[in-house]
Amino acid sequence: MHTNTMYRFDNFAPHYTSYPKSLTVSELRDAFIVALQSLHGKTLNCASKQEKFEALAWLTKSIISKNLIETQKQRTKDDPKQVYYLSIEFLLGRLLENNLVNLGIREVCVKALSELGIELDSLLDQEEDAGLGNGGLGRLAACYLDSMAAMGLAGHGCGLRYRYGLFEQKIKNGYQYEYPDNWLKNQTYVWEYRRPAEKIAVRFGGTVRTQTNGKIRFIHENYENVMAVPYDVPIVGYKNQLVNTLRLWSAEVDVDQYTCGAHGVECNSVIYYKHAIESLTDILYPDDSHYEGKILRLKQQYFLVSASLQSIIRNFRMQHDVLQELPDKIAIHINDTHPSLAVAELMRILIDDCCLGWDEAWSLTVRTLSYTNHTVLPEALEKWPVNMLEQLLPRIYMIIHEINERYCRELWNSYPGDWDRIHSMAIIADDQVHMAHLAIAGSHTVNGVAEIHTEILKKTVMHNFYTYTPDKFTNVTNGITQRRWLLTSNPKLAALITDAIGSNWIEYPCDLAKLAPLSKDTAFLEDLASVKLHNKLKLAKYIKEKHGIIVDVHSIFDSHIKRIHAYKRQCLNVMHIMHLYHCLRENPQLDIPPRTFIFGGKAAPGYYKAKKTIKLINTLADKINNDSAIHNKLKVLFLENYNVSHAELIIPASDVSEQISTASREASGTGNMKFMMNGALTIGTLDGANIEIRNAVGADNIFVFGLSAEEVLAYYRRGGYNPWDIYNSDLRIKTIVDQLVNGFFPVDSDEFRSHYDALLRYGDEYFLLKDFASYVAAHQQLADAYCNQNRWQAMSLLNIAHSGWFSGDRTFSEYAAEIWTMDQPIPLWCQCLPEDYARVNPGRDVNHDQVILS
Ligand code: 26V
């Protein structure tokens, strides 16, 4: 915490004009009717729900537009340092309700609509989720946009306007099927502003020749231009009249280049060209298991980077004469390696377009860029074949080559003769360009996303880089926005909290700690329990309507919602459910609390085993849900098409949060924080941010199990784990593993062979068998705790009380102060000083909770 550099928000942004100053119910009601008329030419009686939603969104946008214009005027005057957050993913979800909440007009709106006989919730459901991301990384980017706007920082997102978001998942006969997510059904997105006048040309292919005229110049010729057209999505600050933007680029054909006959394009081919060019931003993360898919992904990455940087530098130069001021006025953040071509592109712009020399350009580049790593999984660390880069981006490749030459030379000076080390750090090695290495070399700061993750980066994956430039590395633990994940998505809990401690927590989330003393107040705990019950009823209704399954709202709602991946161990959860099922089959009278296990998540289309995991969960669900012998004590559900909106429904209704990744593999996790903030208790490994959650809430209020990261990494390094030993010595495990292939499930006996083989033939890479016994024991403790409802609710409340530290506002203030060194005062996310913080957060000492790996 950098308390000495922080000020209260109102001290530095009081000048943003307030609009709407006070919108009354009748004004809003009348404006809504007018909006419906102008937009659709319809009266209330004739308009459909979708049309009413659009009218309300349009009306909301018109309010936002005024604030946007005012914000931009003010920014031109103040010229604050600007942050640009480059990310290939932004998982925004729906925006209408959040926008109403942030504008402070949700309640007025509810009243105005109800006067017209309309329920706000029914309109909110009409909005398509903007699913421009895969999972945690994309949602994190969206949470940070919200925090930046709420805290008044001039921070913008830069991403791609995919025509189709992450696929829509349908489950048929237990299998995942992927359908296009046609979120832009009407061609446009209600929130966006198309800005064709600010389009940018991005060059692909061609050749580069040099021209020496005293100074060497690089001439790029015969390239193909793709036009990047920006669409700005407004990001509304919380009750501060401030609006930032998320700029999404869309690929369009360069009409000047492709008129008939030009560049050899036949008239009748123009339409195909148009399609080929514009397909660049068609889909998110195209399948990259074959060459065509890979090259498309690389093209997308360069398109994002080039359009964003050209536009950033163009705007910068319109306001500033001196290029050397760039790092003082602009911070550009590389979110994971996908935008790491930013290093080379910024060099290209500074050298080729702005005529700077190499050394000066390099100094400006490194001082402007910073990079966050989000995974240690080797398969996710991006590398591009040299020949692909060279062909697609010849000038960029030349620059990367030069960066590599200079970097390796520098390394040679520090480690003369140490070829192995230099090879392991080179940007180009073995005919591949290592994107993480490029990002590290070209950034002034590199951060991991949870303390243990940063430690693992420093000790293993990035060890040599850390030894070489230790000062570059730092940790910034992830955070989430309390405005979406508590205030908006769990209004009953938010109201209960506000009744108890006031509404300060919305802006200063560590104020939630004031709830802690109420963990001894039985009446309050009963209120807390009824809020949970209310949310469970809402989810149960959805499950009944959507899946036709009736769940017991007094059962433990145990949720495991995230991407389906071997390291996240959905299969360990399955094994535990199978174990409970066997116990109940053996003894149907067994006195255990009833449980509802909820799964949700998408498997990458080309990821065979993850897709089989979905089939396994559904097959188990069929078996258990239809077995009357166990008296409804267990239910298993796989909720189709998990997305942000589903998370907003599931998380407030959950009692238990499954965070059971193999220790060391989950960089941070952010679902864990959302569940905690909504009072769910975590069952989890000491991995990612779970460790910091345990520190915050205290070991008594979380169920921890399994190998530590150190133990897992030692096995990876030295071997010595044999799953057969466990299989042969624990009958519970043998029974379950055998049942994957022995006809226990009514499917082909090879259906789950890959799971069986992964556990026994291929060494159980993710330690499911090893962690099984302690997982079962932790579940037993959890069930015991649930049986004492007073104790359970107290634990739940303490989770909420200590979740404030996981606010994205805290994360953001760390990025702003430590990485981007903003020139404006960094607003406080917390009103207390570190000493006070340690006092109000017993169990968490911000200065001393370090995760150290030996
Ligand atoms: C990407 C891929 C792509 C190809 C196939 C395999 C694979 C496996 C993992 C990934 C992860 C990409 C990076 C990512 O999404 N990381 C997540 O970032 C979150 C925000 O920091 C963090 O909470 C999650 O722990 C981390 O997995």
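Taking an unreviewed UniProt entry as the reference, the protein is identified by name as Alpha-1,4 glucan phosphorylase belonging to Sporomusa acidovorans. UniProt, in the comment section headed Catalytic activity (unreviewed entry), describes the protein in these words: "[(1->4)-alpha-D-glucosyl](n) + phosphate = [(1->4)-alpha-D-glucosyl](n-1) + alpha-D-glucose 1-phosphate".

Helix and strand counts for the protein stand at 33 helices and 27 strands. The C-alpha radius of gyration of the protein comes to 27 Å, within 12% of the 29 Å expected for a compact globule of 854 residues. Expressed along its principal axes, the backbone C-alpha trace of the protein runs to roughly 90 × 75 × 65 Å. Evaluated residue by residue, the protein yields a buried proportion of 62% over its 854 residues. Of the contacts made within the protein by residues no fewer than 6 positions apart, 77% connect residues no fewer than 24 positions apart. Of the roughly 32700 Å² that the protein leaves accessible, carbon and sulfur atoms contribute 50%. Treating the 86 positive side-chain charges of the protein as one cloud and the 100 negative ones as another, the clouds have centres 2 Å apart.

Under the definition given, this model contains 45 salt bridges. Where Asp 125 meets Arg 94, a salt bridge forms, and the shortest distance between an N and an O atom there is 3.3 Å. With Asp 125 in the loop between α5 (120-124) and β4 (130-132) and Arg 94 in the loop between β3 (90-93) and α3 (96-103), the pair connects residues that are 31 residues apart, well separated along the chain. Looking at Asp 125, the relative accessible area reads 52%, which means it is exposed. Among the salt bridges present, the one from Asp 352 reaches Arg 395, with a minimum N-O distance of 2.7 Å.

The next point concerns the state of the cysteines. The final tally for this structure, using the stated rule, is one disulfide. At a sulfur-sulfur separation of 2.2 Å, the disulfide partner of Cys 510 is Cys 830. Across the S-S bond of Cys 510 and Cys 830 the torsion is about 100°, and the bridge reads as right-handed. Within this pair, whereas Cys 510 is found in the loop between α19 (491-501) and α20 (522-547), its partner Cys 830 is found in the loop between β27 (826-827) and α33 (834-840), the two being separated by 320 residues in sequence. With respect to burial, Cys 510 and Cys 830 carry one shared label: buried. Not part of a disulfide, Cys 158 finds its nearest cysteine sulfur in Cys 354, a span of 17 Å.

A few words now on the site of the ligand. Taken together, the neighbourhood of the ligand is formed by 18 residues, with His 374, Asn 478, Glu 666, Ser 668 and Gly 669 sitting nearest. A distance of 2.9 Å separates an oxygen atom of the ligand from a polar side-chain atom of Asn 478. At 3.1 Å from an oxygen atom of the ligand is found a main-chain nitrogen or oxygen belonging to Ser 668. For the ligand, whose unbound accessible area comes to 590 Å², protein coverage reaches 82%.

On to the environment of Ile 736, then. Tracing the sequence through the fold places Ile 736 in helix α28 (residues 731-739). When the C-alpha atoms of Ile 736 and Tyr 756 are compared, they prove to be 10.0 Å apart, with 20 residues separating the residues in sequence. Ile 736 has contacts with Met 575, Met 578, His 579, His 582 and Phe 772, leaving out every residue within four places of it along the chain.

For the α-helix, the turn length of 3.6 residues means that residues three or four positions removed from each other point alike. All of the buried residues in helix α26 (residues 709-718) are Ala 709, Val 712, Leu 713 and Ala 714. Residues of α26 that are buried sit in contact with α16 (451-461). In the stretch just after α26, Gly 719 is the one whose phi turns positive, near 75°.

Burial of the side chains of strand β9 (residues 200-204) is restricted to one face: Ile 200, Val 202 and Phe 204 are buried, whereas none of Ala 201 and Arg 203 on the reverse face is. Pairing between β9 and strand β12 (residues 224-236): five bridges, direction antiparallel. Across the sheet, Ile 200 pairs through a bridge with Ala 228, a residue of β12.

Turning next to the packing of helix α1 (residues 25-40) against helix α4 (residues 106-115). Each packed pair of helices is defined by two parameters, the angle between the axes and the distance between the axes. Contact geometry of α1 with α4 gives a least axis separation of 8 Å together with a crossing angle of 60°. With respect to each other, α1 and α4 are oriented oblique. Here the hand of the crossing between α1 and α4 comes out right-handed. From α1, Val 25, Leu 28, Arg 29 and Phe 32 reach across to α4, where they touch Val 108, Cys 109, Lys 111, Ala 112, Leu 113 and Glu 115. Of the residues assigned to the contact of α1 with α4, the class counts are seven nonpolar, no polar and three charged.

Okay, the environment of Asp 757 next. Here Asp 757 lies in helix α29 (residues 753-760). Classification of Asp 757 by relative accessible area gives buried; the value is 11%. Counting along the chain gives 20 residues from Asp 757 to Val 737, while the straight-line C-alpha distance between them is 9.8 Å.

Together, Asp 499, Asp 521, Glu 526 and Asp 527 make up a region of like negative charge exposed at the surface. Within the element layout of this structure, Asp 527 appears in helix α20.

The end-to-end C-alpha separation of helix α30 (residues 768-787) is 28 Å, in line with the 28 Å expected for 20 residues at 1.5 Å each. Of all bends in α30, the biggest is about 30°, found at Ser 774. Within the span of α30, buried status applies to Leu 768, Leu 769, Asp 771, Phe 772, Tyr 775, Val 776, Ala 778, His 779, Leu 782, Ala 783, Ala 785 and Tyr 786.

Time to look at the sheet that holds strand β22 (residues 595-600). Note on sheets: strands pair through backbone hydrogen bonds, and any given pair is parallel or antiparallel. Read from one edge of the open sheet, six strands run β23-β22-β21-β24-β25-β26, paired in parallel fashion. Of all the strands in the sheet, the pair left with one neighbour each is β23 (634-639) and β26 (703-704). Of the strand pairs in this sheet, strand β25 (residues 681-684) and β26 are connected by two bridges, and their pairing is parallel. In the strand pairing of β26, Ile 683 is matched with Phe 703.

Moving on to the packing of helix α10 (residues 342-353) against helix α13 (residues 394-414). Across the interface, α10 lies against α13 with an axial gap of 9 Å and an inter-helix angle of 100°. The angle between α10 and α13 falls in the class roughly perpendicular. Side by side, α10 and α13 meet where Val 343, Ala 344, Glu 345, Met 347, Arg 348, Ile 351 and Asp 352 of the first sit next to Arg 395, Ile 396, Ile 399, Ile 400 and Ile 403 of the second. Classifying every residue of the contact of α10 with α13 gives eight nonpolar, no polar and four charged.

What follows covers unusual backbone geometry. With phi around 55°, Asn 222 is a residue other than glycine that occupies positive phi space. Turning to its location among the elements, Asn 222 is positioned in the loop between β11 (215-221) and β12. Under the relative-accessibility criterion, Asn 222 is labelled exposed at 65%. In the Ramachandran plot, Gln 241 falls in the positive-phi region, its phi being about 60° despite a non-glycine side chain. Within the secondary structure, Gln 241 is located in the loop between β12 and β13 (243-253).

As a further point, take the side chain of His 579. Relative to the elements of secondary structure, His 579 occurs in helix α21 (residues 570-586). Overall, the relative accessible area of 11% leaves His 579 in the buried class. Those residues in contact with His 579 that lie beyond four places of it in its chain are Arg 732, Ile 736, Phe 772 and Val 776.

We now examine the pairing of strand β5 (residues 155-160). The buried count for β5 comes to six of six residues, which makes it a mostly enclosed element. Along β5, one buried face is formed by Gly 155, Gly 157 and Gly 159 and the opposite face, lined by His 156, Cys 158 and Leu 160, is buried too. Judged from the four bridges that link them, strand β2 (residues 82-86) and β5 form a sheet pairing that is parallel. Bridging across to β5, Leu 86 finds its partner in Cys 158.

Conventions we followed
Residues numbered from 1 in each chain as written. Predicted model: local features only at pLDDT ≥ 70, side-chain atom pairs only at ≥ 80, totals over all residues. Heavy atoms only, no water. UniProt positions renumbered as here; feature names shortened; annotations may be inferred. Helix = DSSP H or I, 4+ residues; strand = E, 2+ residues; numbered from the N terminus. Rg over C-alpha atoms; globule rule 2.2 N^0.38 Å. Buried < 20%, exposed > 50% of the residue type's maximum accessible area, 1.4 Å probe, protein only. Contact = heavy atoms within 4.5 Å. Areas by Shrake-Rupley, 256 points an atom, 1.4 Å probe, with all protein chains shown as cover. Lys, Arg positive; Asp, Glu negative; His and termini not counted. Charge placed at Lys NZ, Arg CZ, Asp CG, Glu CD. Salt bridge = Lys/Arg side-chain N within 4 Å of Asp/Glu carboxyl O. Disulfide = S-S within 2.5 Å. Near = heavy atom within 4 Å. Polar contact = N/O pair within 3.5 Å; in protein donor to acceptor, adjacent residues only side chain to side chain. Pairing = 2+ DSSP bridges. Axes fitted to C-alpha atoms, helices over the stretch in contact; angles between N-to-C directions. Parallel < 35°, antiparallel > 145°, perpendicular 65-115°, else oblique. Left-handed = near helix turned anticlockwise from the far one by under 90°. Nonpolar A, V, L, I, M, F, W, Y, C, P; charged D, E, K, R; others polar. Patch = residues over 30% accessible without salt bridge, like charges linked within 9 Å, V, L, I, M, F, W, Y side chains within 5 Å. Expected span 1.5 Å × (residues − 1). Bend = angle between axes of the 7 residues up to and from the residue.

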